[in-house]
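Chain by chain, the residues run as shown.
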Amino acid sequence: MSTRLTLRRRSLRLFDIGAAVLFFGVFAQQTELPQAATTALSELAAQGYRIPSEDDPVRVFPALTGGDFSGHHAGGWRPGSIYLRQHPQGALSETIYLRHELFHEVSHRSCGGRMPGWAEEAAAMHFSGELADLEPSAWPNDAELQGMKTRISHGAELDANDRSLLGRLVVDAGWPKEPCSQSAKLSELLGEAFDQAGGHAYLLMSLLSGRILERGGDIDSRQPPGSLLKIPYAAALKQANPEVLSSELAASDTDKLAQRHEYFQTERYRLLLSPVREQKLPVQTTPADRQTWRTYLGERNTDGDFALQASLPELALAMRAALLSKPEYFRGLSQNGLAPNSTLFGQNAADKKLLRQLQALAKTGTVSTGDGQPLVGHLLLAWPATHPVFLAIFRQRGMSGAAVLSKAAPVLKNWQQNYPARFATVRVRLLTPTDPASWEARADCPELDGSLGRFTLCGQFHIVSTARGSRSERLVSGILRQTAGNGPTVLETDVETYVDSVLAAEAQNLTGSGREAMRAVIAWNGSHGSHRHADSGSLCDTTHCMVFLGELPSDKPRRSSRIDIELMQLLDKLAVETGLNWLPFANGGDQRWQRQISANELQHIFAENQILEIRREHRKDGELFIRLTYPDNEEAISCEVFRNTLKLPSCPDTVQNVGNQAWGFQGIGAGHGLGLSIVRAQALAEAGRSAEQILRDAYGQSR
Ligand SMILES: [Zn+2]
Ligand SMILES: [Zn+2]
């Protein structure tokens, strides 16, 4: 303290040479530095910068050697204060460093934070004279620039290597004279922190299958997810008290989570994060290296950089894997917003109420500048808490993860309407004649085990089936559960994926409103049909329920096709009115039937003199036809038309000439006539009926 007072008194004597810059300690005795300061400030004032004044001076202190500065950077600056090392190493003098730091001071006073960090640094280097002896050199290549570009995009401080690259760029490209301006060429090259984050981005994913159900904004740009990394970190803990752990997660308590290092399984953590392509997680670290350890929890490393940056789809797949692998660790995240120390506690009451209605688990992540300005915020939600089926991630530039909730609320309200959890899931038992051991995950999409069942990182299982008559290769998306006592394996998938697969197997040629009606019936049965096979609480994958063959390996990327909730609600109503818990197709049911029809009668019905042969015929697209052979020609008619003509209960499974001038037909299917017929649905659609009218026609009481 006493030294400081002495220095202060001495500084008063410097009034005459420029009270705008006050020198302390050893600098107070020098004359060279104050003169350099006066020159620098008059140059900057002439350029149009606002400079320090007697009323609002800047102070210059000697920096202790061995302080925070590297050998490359012998000066430091905070608003109002400059720290200089005496006799800096290297070729540059104290005056050059003083000019550099003075530039930061006037830029701070003049530019109002409009210049990105790298541009201010470039301008300071340009102004100080430190680049004066540098010859123009070759323009750095992409590989050389990559590190700096990444750090700039993360809002990290430039390191010594970046600064020397930046110096080369400024020498080559020059720097504009106008105050607070930046080189257009370099701006285009280097950009701004979080420049690509766009405004708002979000996606909704099925937690079961990994299918993206909805998306908005720029989901593809890569950003560091901040504290969302605490989710896979927690999932990689071998053991933990779930209640305590989830309250630490809700509060995003980095210190407490870091203390759990004893149970942290690095390999598991890496596996969960493997959907994220751009990562450089520390290869090896120890809890003693605190800063590096904290990068596992989403913080900056010692370079001010982030270990990982992810697009929203990559991030969602990693979060899905973490949530599925240790669901019990995360149930307590439903308290986020309710618990006073949780990150969402301070948010709008109506928005928090919406989270409670959805029964959402919530976790926030925020990436900030060194002085706490939020650069990008993430909000992760999964619901309903007891058995989550939806996963949503929202991202917003310039906002904390908690504040993102207010932006997310209108989208969530919409989803609450359009994605009710009760229609979200289909349980279907798979490929009963196949050995589950032949079902394998792909190498680039490893399989994991969770308490809910088996799942893969990308959502899909690749199945090689040896069953006769079955497609040999197929893909299914979802979670596989083994039912008790070595019972059948049940796939839990999302309703959209199930509907697409059944449509592909049962009615790929149906179009327009007929297809919409069919989609609704499949979705309704799929999400209500677990009573069909009570032992496994699931549907089967054969005609007894609805044919489900999974997705073809060659299928194009899954198109987004949403279930129409209004049609689903109509089916709810029609099912209640007719007392149905399963909506039959016109040739559905499991009643065996057989009929004999005399050749005479058949010839009369088809107006032919003679019928030589009647054969069933499977077309490549799965449609069933009946081929009738006459003495001098033949015809193939849709089996649906054939059976309507003969008033058979359903399309026959076998057709035989039974002798005695008669044909025998056998089949399976209730003859009640109720339900959606594909042929009729197509005909009604072509006649201009809406999906709603087609459903009323199939299942309404007034048919
Ligand atoms: Zn600087
Ligand atoms: Zn069945």
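A brief structural summary. As the structure is a prediction and not an experimental result, all values here were calculated from the model.

Let's shift gears to the nonpolar core. Membership of the largest hydrophobic core comes to 82 residues, with the highest contact counts inside it found for Phe330, Trp383, Phe394, Leu412 and Trp415. Here the element with the most residues in this core is helix 14 (residues 312-325); it accounts for ten residues. Setting aside residues no more than four positions away along its own chain, tryptophan 383 makes contact with Leu204, Leu358, Gln359, Ala360, Pro388, Val389, Phe390, Ala392, Leu412 and Trp415. Within the second largest apolar cluster, 48 residues are counted, among which are Tyr498, Leu570, Ala575 and Phe585.

For the zinc ion (ligand 1), the full set of protein donor atoms is His100 (NE2), His104 (NE2) and Glu121 (OE), and the range of their distances to it is 2.1 to 2.2 Å. In the primary sequence, the donor residues of the zinc ion (ligand 1) line up as H-x3-H-x16-E. Highlighted residues: histidine 100 in helix 4 (residues 94-111) and glutamate 121 in helix 5 (residues 117-128), separated in sequence by 21 residues. On the accessibility criterion, histidine 100 (0% relative accessible area) is buried.

The subject of this paragraph is unusual backbone geometry. Along the chain, tryptophan 383 connects to proline 384 via a cis peptide bond; the corresponding omega equals -10 degrees. Structurally, proline 384 is set in the loop between strand 8 (374-383) and strand 9 (390-397). You will see that cysteine 180, though not glycine, has its phi angle at about 60 degrees, which is positive. Relative to the helices and strands, cysteine 180 resides in the loop between helix 7 (160-173) and helix 8 (184-190). Notably, lysine 647 is not glycine yet its phi reads approximately 55 degrees, a positive angle. Along the chain, lysine 647 falls in the loop between helix 22 (639-646) and strand 22 (654-659). A relative accessible area of 69% means that lysine 647 is categorised as exposed.

So, about the sheet that holds strand 3 (residues 75-78). Strand order in the open sheet formed by four strands is 1-2-4-3, with mixed pairing between adjacent strands. Every interior strand has two partners, whereas the edge strands, strand 1 (21-23) and strand 3, have only one. Neighbour-to-neighbour, the strand axes of the sheet open up by a mean angle of 20 degrees, direction not taken into account. Here strand 3 runs beside strand 4 (residues 81-84); their pairing, made up of four bridges, is antiparallel. Residue pairing for strand 4: tryptophan 77 is matched across the bridge by isoleucine 82. Helix 3 (residues 32-47) rests against strand 1 and strand 4 of the sheet, and its axis sits at about 165 degrees to strand 1.

The rules behind these values
- Residues numbered from 1 in each chain as written.
- Chains lettered and ligands numbered in written order.
- Predicted model: local features only at pLDDT ≥ 70, side-chain atom pairs only at ≥ 80, totals over all residues.
- Heavy atoms only, no water.
- Core = buried A, V, L, I, M, F, W, Y, C linked by side-chain atoms within 4.5 Å.
- Buried < 20%, exposed > 50% of the residue type's maximum accessible area, 1.4 Å probe, protein only.
- Helix = DSSP H or I, 4+ residues; strand = E, 2+ residues; numbered from the N terminus.
- Contact = heavy atoms within 4.5 Å.
- Donors = N, O, S within 2.8 Å, 3.2 Å for Na, K, Ca; no water.
- Pairing = 2+ DSSP bridges.
- Axes fitted to C-alpha atoms, helices over the stretch in contact; angles between N-to-C directions.

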